[in-house]
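# Fold and contact review
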There are 2 protein chains.
Amino acid sequence: MIYHNMSSHQNDRPTPEETPLGFARHDHAKCVDQGLAAAEERSRAAGLRFTPVRRKVLEILLREHRAVGAYEILDNLREAGFASQPPVAYRALEFLVTQGFAHRIERLNAFIACASPGDDHAPAFLICRGCDSVAETHMRPSDGAFGAAARATGFQVERAVIEAEGLCPACAPEAS
Amino acid sequence: MIYHNMSSHQNDRPTPEETPLGFARHDHAKCVDQGLAAAEERSRAAGLRFTPVRRKVLEILLREHRAVGAYEILDNLREAGFASQPPVAYRALEFLVTQGFAHRIERLNAFIACASPGDDHAPAFLICRGCDSVAETHMRPSDGAFGAAARATGFQVERAVIEAEGLCPACAPEAS
DNA sequence: CTGGACATGTTATGATATATCATTTAGCTC
DNA sequence: GAGCTAAATGATATATCATAACATGTCCAG
């Protein structure tokens, strides 16, 4: 599954020109609502507390629809009347990442809402250096040459960070 | 090619017990010298300046034989009589990474000497959360499911970060 | 209604990284 | 080798990202 996050288009409906990739158009308000509802549902099912701060942080990530830094989230929290000390944001983010509702992008020191919460998760990201959009795709790191190398050494992979940097189809032509 | 960096054993010759994986024993002083010589040679061939600071930073990385943070490198530089402001280390590291003599480990915000400089490079790392050792292996990210997903969207991958976290064979048993 | 677990609020600080500008050095041309 | 240019380094300051530690508040099972 592929899900593209266009930072520069966050307030637009994607047009065919903007998403010439077959990325699905979507009703953004609806995808925010659905994301929140899914997280709420899954938290309840797991006996976890989907508190207001956690909800708000996930809402920000879903709304922004791109990789967002912790301090930017903090600004949003402040505006929304929440406390605005760093630990507030980092704790909420830790919860969301642990539960698989969001991911950390190591390359950017930033966070992004998960494109398919609920799946058994081995996310990989395509990061455009032109427009900072981030696309999420899933893969099993145990597959392929990488998994083979790990297995050959007896290394037990618990988590894999897979982040590709390059140019998305929209930015590639502009970079003459 | 696999190359394991054991932080906790940095002053020892690896013993069979410490490297039960088939990782090659090696003469560490020699591997430092060879790494420096290779970098010097390749810099000269490319018309680049392999200056004392750059050489010293690469020497530190080769000697430590593990992922090392920029500020730790800075401490080493100070002790060696070099300037010790952050930009000094970061600039040297940028050079080494750009030239492929070292890699940045995003997950650790740290740097490590390249295990096979000269190769056409798509490094992947196995990071042990038990002993902080880092093994480097190479792969072509264009292979497998990941490459397929990128190609399907028209995304041009320029660089890929592939970092697996887990337990190395030495640490797996201890984590009952 | 109370004890324990978890979550949040708050202060302080630690850790990582870069912008900027001054100065020095290396290599080039004449 | 004098003068020019580009690259590298030195140095100051500051930006950015992240967590330790402890106090306070909230939920809920017993």
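Here's a quick rundown of the structure. (Residues numbered from 1 in each chain as written. Chains lettered and ligands numbered in written order. Predicted model: local features only at pLDDT ≥ 70, side-chain atom pairs only at ≥ 80, totals over all residues. Heavy atoms only, no water.)

### Topic: helix 2 (residues 52-64) of chain B
Residue and element names in this part refer to chain B. Taking 1.5 Å as the rise per residue, helix 2 with 13 residues should run 18 Å; its terminal C-alpha atoms sit 18 Å apart, in good agreement. Considered for burial, the residues of helix 2 that qualify are K56, V57, L58, I60, L61, L62 and E64. Along its buried surface, helix 2 packs onto helix 1 (28-46), helix 3 (70-79), helix 4 (86-98), strand 2 (102-105) and strand 3 (110-113). Count one or two residues on from helix 2 and you reach H65, which has phi positive near 65 degrees. (Helix = DSSP H or I, 4+ residues; strand = E, 2+ residues; numbered from the N terminus. Expected span 1.5 Å × (residues − 1). Buried < 20%, exposed > 50% of the residue type's maximum accessible area, 1.4 Å probe, protein only. Contact = heavy atoms within 4.5 Å.)

### Topic: the protein's contact with DNA strand C
In the vicinity of DNA strand C lie 16 residues, with T51 and R91 of chain A together with Y71, Y90 and R104 of chain B positioned nearest. Each atom of DNA strand C within 4 Å of the protein belongs either to a base or to sugar and phosphate, the latter forming 47%. Take R54 of chain A: an N or O atom from its side chain is 3.3 Å from a phosphate oxygen of DNA strand C. Of all the secondary-structure elements, those providing two or more residues to the surface near DNA strand C are helix 2 (52-64) and helix 4 (86-98) of chain A together with helix 4 of chain B. Its residues assigned to classes, the surface near DNA strand C shows 8 nonpolar, 3 polar and 5 charged. (Near = heavy atom within 4 Å. Polar contact = N/O pair within 3.5 Å; in protein donor to acceptor, adjacent residues only side chain to side chain. Nonpolar A, V, L, I, M, F, W, Y, C, P; charged D, E, K, R; others polar.)

### Observations regarding the relation of the copies chain A and chain B
If you rotate chain A by 180 degrees and push it 0.0 Å along the axis, it lands on chain B with an RMSD of 0.1 Å. Both copies of the chain, as the preceding transformation shows, are related through a two-fold rotation axis. Looking at the rotation axis and the C-alpha trace of chain A, the residue lying nearest is I162 of chain A, at 2.3 Å. Both copies contact each other with a shared surface, as 100% of the interface residues of chain A are interface residues in chain B too. (Least-squares fit on C-alpha atoms with pLDDT ≥ 70 in both.)

### Considering the environment of A113 of chain A
Along the chain, the position of A113 of chain A falls in strand 3 (residues 110-113). Setting aside its immediate chain neighbours within four residues, A113 of chain A contacts L58, L61, L62, F101, A102 and E136 of chain A.

### Notes on the protein's contact with DNA strand D
In the neighbourhood of DNA strand D, 17 residues make up the surrounding shell, with Y71, Y90 and R104 of chain A together with T51 and R91 of chain B lying closest. Within 4 Å of the protein, the contacting atoms of DNA strand D are drawn from sugar and phosphate to the extent of 51%. In the model, a base nitrogen of DNA strand D is placed 2.6 Å from a nitrogen or oxygen of the Y71 of chain A side chain. Contact distances for DNA strand D include 2.5 Å between a phosphate oxygen and a side-chain N or O atom of T51 of chain B. Of all the secondary-structure elements, those providing two or more residues to the surface near DNA strand D are helix 4 of chain A together with helix 2 and helix 4 of chain B. If you tally residues by element for the surface near DNA strand D, the top one is helix 4 of chain A, at 4 residues.

### A short note on helix 1 (residues 28-46) of chain A
Residues and elements named next belong to chain A. An ideal rise of 1.5 Å per residue puts 27 Å on 19 residues; helix 1 measures up with 27 Å between its terminal C-alpha atoms. Buried within helix 1 are the following residues: H28, C31, V32, G35, L36, A39 and S43. Buried residues of helix 1, seen end-on, are gathered within an arc of 135 degrees and therefore sit on one face of the element. Structural note: helix 1 exposes A29, R44 and A45 on the side pointing more than 90 degrees away from its buried face. Just downstream of helix 1, G47 is the residue with a positive phi angle, here 70 degrees. (Arc of directions from axis to C-beta.)

### Digging into the interface of chain A and chain B
Each side of the interface is counted separately: chain A has 35 residues, and chain B has 35 residues. Buried surface at the junction of chain A and chain B, both sides included, amounts to about 3,000 Å², of which 63% is carbon and sulfur. When residues of chain A are sorted by the area they lose upon contact with chain B, F146, T153 and F155 of chain A head the list and together hold 22% of the total. The interface formed by chain A and chain B holds 6 salt bridges in total. A salt bridge links E158 of chain B to R129 of chain A; the shortest N-O distance between them is 2.6 Å. Across the chain A-chain B interface, the total number found is 10 residue pairs in polar contact (both at pLDDT 80 or more). (Buried area = accessible area lost by both parts, 1.4 Å probe. Salt bridge = Lys/Arg side-chain N within 4 Å of Asp/Glu carboxyl O.)

### Here we look at unusual backbone geometry
Not every positive phi belongs to a glycine, and N109 of chain A is a case in point at roughly 45 degrees. With respect to the element layout, N109 of chain A can be found in the loop between strand 2 (102-105) and strand 3. Here the phi dihedral of H65 of chain B falls at roughly 65 degrees; this positive angle occurs in a residue that is not glycine. By the secondary structure assignment, H65 of chain B is in the loop between helix 2 and helix 3. The exposure class of H65 of chain B is buried, given its relative accessible area of 8%.

### Digging into the pattern of salt bridges
Residue and element names in this part refer to chain A. Inspection of every chain in the model, using the stated rule, returns 28 salt bridges over all chains. Across the pair R63 and E64 runs a salt bridge, and its minimum N-O distance is 3.8 Å. Linking R104 and E106 is a salt bridge whose minimum nitrogen-to-oxygen distance equals 3.3 Å. Several salt bridges share partner residues, and in doing so they unite K56, E59, R63, E64, R66 and E72 into one network.

### Comments concerning the pairing of strand 5 (residues 134-138) of chain A
Residues and elements named next belong to chain A. Counting buried positions along strand 5 gives 4 out of 5 residues, so the element sits mostly inside the fold. Here strand 4 (residues 123-128) pairs with strand 5 via 5 bridges, running antiparallel. Opposite P123, over in strand 5, you have H138 as the bridge partner. Between strand 4 and strand 5, which pair antiparallel one after the other, the connecting turn spans 5 residues, and D132 there sits at a positive phi close to 65 degrees. (Pairing = 2+ DSSP bridges.)

In short, geometric facts, not functional conclusions.
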